[in-house]
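Each chain is listed here by its residues.
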Amino acid sequence: MYPTLAQLREEYLTQGTLKGLPQQLFINGQWREPSAQKWLDSLDPCTGQAFARIPAGSAKDIDLAVNAAQAALPQWQALPAHQRGQVLARTADLLEQQQDLFATVEALEVGKPISEAIADIQSCLRTLRYYAGAADKVQGDSYPLGQQALSFSIMEAVGVTAHIVPWNFPLNTTLRGVAPALAVGCTAVVKPAENTSLTSLMLGPLFSKAGLPDGVYNVVSGLGVDTGAPLVAHRGINHVTFTGSVQTGRHVMRSAAQNISSLTLELGGKSPLVVLADADLEAAADGILSAIFYNAGQICSAGSRLIVERRVHAELLDIVLRKVKQLQIGHSLDNPSFGAISSAAQLDKIAAFVERARARGRQILCGGQRLQWQGQGWFYAPTIIDDVPADDELIQEEIFGPVLSVQIVDDLETAINAANCTQFALAAGIYTRDVQAALHFAQRTDAGQITVNDYWAGGMEVPFGGNRLSGFGREKGLEALRNYCRTKAITFKV
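The structure presented is a predicted model; accordingly, all values stated were derived computationally and were not measured.

Draft legend 1. Quick peek at the nonpolar core. Counting 62 residues, the largest nonpolar core has L95, Y131, L182, F207 and Y217 as its most contacted members. With nine residues, the single largest contributor to this core is helix α5 (residues 114–134). Apart from residues lying up to four places away in sequence, Y217 is in contact with F26, T174, V178, A188, V190, S200, L203, G204, F207 and L212. Counting residues in each nonpolar core, the second largest holds 48 residues, with L281, V320, F338 and Y455 among its members.

Draft legend 2. Region of interest: the environment of E309. Tracing the sequence through the fold places E309 in strand β13 (residues 305–309). Since its relative accessible area comes to 7%, E309 is described here as buried. Sequence-distant contacts of E309, defined by excluding residues within four places in its chain, comprise V275, L276, A277, V409, D410 and D411.

Draft legend 3. Expanded view of the pairing of β13. With respect to burial, β13 is a largely interior element, five of its five residues being buried. Going residue by residue along β13, you find R305, I307 and E309 tucked away on one face and L306 and V308 tucked away on the opposite face as well. Bridging between strand β12 (residues 272–275) and β13 involves four bridges; their strand directions are parallel. In the sheet register, L273 faces β13, and the bridge partner there is L306.

Draft legend 4. The arrangement of the packing of aromatic side chains in detail. Applying the stated criterion across every chain yields a total of nine aromatic pairs. Measuring from ring centre to ring centre gives 5.4 Å for F26 and W31, while their planes differ by 75°; the resulting arrangement is edge-to-face. Classification of W31 as partly exposed rests on a relative accessible area of 35%. Three or more aromatic residues joined by ring pairs form one cluster here, namely F26, W31, F207 and Y217.

Draft legend 5. Focus on empty space enclosed by the protein. Considering all chains together, one arrives at four cavities of 30 Å³ or more under this definition. Approximately 70 Å³ is the volume attributed to the largest cavity. Taken together, 13 residues form the lining of the largest cavity, with A302, S304, E398, I399 and F400 sitting closest to its centre. Taken together, the residues of the lining of the largest cavity sort by class into seven nonpolar, four polar and two charged. Counted as a void, the second largest cavity has a volume near 50 Å³. Lining the second largest cavity are K270, S271, P272, R305, A419, T422, F424, A425, L426, A427, D446 and A447. Looking at side-chain class alone, the lining of the second largest cavity contains seven nonpolar, two polar and three charged residues.

Draft legend 6. Summary view of unusual backbone geometry. Of note, the phi angle at N28 is positive, near 55°, even though the residue is not glycine. Mapped onto the secondary structure, N28 falls in the loop between β1 (25–27) and β2 (30–32). We classify N28 as partly exposed; its relative accessible area is 36%. In the Ramachandran plot, K476 falls in the positive-phi region, its phi being about 70° despite a non-glycine side chain. The residue K476 is located in the loop between β23 (471–472) and β24 (485–493) in this model.

Draft legend 7. Expanded view of the packing of helix α14 (residues 412–419) against helix α15 (residues 435–444). Closest axis-to-axis distance for the α14/α15 pair is 10 Å, and the angle between their directions is 30°. Taken together, the axes of α14 and α15 are roughly parallel relative to one another. Here α14 runs over α15; the crossing is right-handed. The residues of α15 that touch α14, namely those facing L412, E413, I416, N417 and A419, are A437, H440, F441 and R444. Here the residues of the contact of α14 with α15 are counted per class, giving five nonpolar, two polar and two charged.

Definitions and limits used
- Residues numbered from 1 in each chain as written.
- Predicted model: local features only at pLDDT ≥ 70, side-chain atom pairs only at ≥ 80, totals over all residues.
- Heavy atoms only, no water.
- Core = buried A, V, L, I, M, F, W, Y, C linked by side-chain atoms within 4.5 Å.
- Buried < 20%, exposed > 50% of the residue type's maximum accessible area, 1.4 Å probe, protein only.
- Helix = DSSP H or I, 4+ residues; strand = E, 2+ residues; numbered from the N terminus.
- Contact = heavy atoms within 4.5 Å.
- Pairing = 2+ DSSP bridges.
- Phe/Tyr/Trp six-rings, centres within 6.5 Å; stacked < 30°, edge-to-face > 60°.
- 1 Å grid on protein atoms, 1.4 Å probe; cavity = no way out; pocket = protein on both sides within 12 Å on 5 of 7 lines; lining within 4 Å.
- Points joined across faces, edges and corners; volume = space filled by probe spheres on them.
- Nonpolar A, V, L, I, M, F, W, Y, C, P; charged D, E, K, R; others polar.
- Axes fitted to C-alpha atoms, helices over the stretch in contact; angles between N-to-C directions.
- Parallel < 35°, antiparallel > 145°, perpendicular 65-115°, else oblique.
- Left-handed = near helix turned anticlockwise from the far one by under 90°.

If you want it as structure tokens, here you go:
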């Protein structure tokens, strides 16, 4: 029997840690001490206190991991596709047995409420099972060259894949890339964020127990300069999947270009949520709260810009402000309605944005200050800033925190113009009862995914990714399999 949420909470509150957390890298199916014999503290954002140690890898460890992935590639690629799917399915079963542990660790690392962490792990289960079912459904095409020739294509695994994972959804983002890569026959080296590495490491033994050959899944944690940079630059890497900032994404592109490695980049956004005058305002208000305050706004596709039609501007904000007052901070394991900021540095960044806005005379309707839980931790109050002009940095730059900027418009056309006023194009949503207006908005708005009357609508089946500064390529759905395949055309003269 595995420990329950209640038992894990009691253990943590009593001991300040959890037993059995990994302190080594996972390379070639084995735990391995970091070559430099260095470790980093993993801090609980709700208290600011260390509760675990993260192995700090180096370029030497990256080399070992990539070499292991290269050596494992022929065996894994040659395995019948349905058997690869079976390994993913068994991994899902094993993860489900320990989902309370994984959720607890993720809540402690990120600072999110335990209910949100549970939802993350359940999404991981769906991801594994989705790609388990998709593994034997990757196929090529045939081409009509007439009776004198036979031509067709096959889809082959691209090779060794690198996965650089952000800190806000650690295991979810890991599997969003690794599961389709493994399904088609690739091998993987994962570099998790240095402050949220535990669950990616914990996944390694589950893969092994499920029958994954040694070397197919490897995890090297550590600082980006010591591990992420040498991973992207390694000549043994064939594809890089990166989720993170635009600035780092540019570095990744330049480095990957040296080896002509293919790329999937998801670089964040400044996503608009439009509310037209005919919308159900209560439903829209609930959607707004979820879009910007879930995970304390630390989501690349968060609805961080509210674009509201002037006729309902005051009424809608009254409803939203009433709901915001009900949000309460607390320790993640106590399942508060509003979570912590993941690091002191991120908290400083958020606070600086708001302080500059205050100095410019922007109207802060609520929030705008740091908070603490029992005198400790990194929290920032849910913040709404009204009537922000399109050229303001609150509109143009990603804050990555619980800050909602409001833009007021007069009609659908000006709402569309406002939605497209930034260099980001990741997600967008609209609340309206007018189907024609919703379709017009969806066709005219530049974003990788559009939702109508439910900002977080969609799931693992729906392709996810952005345009412009939000990156390129798509994850999730069957389309994600293409990231990890290359097409080979074969033609016979008959």
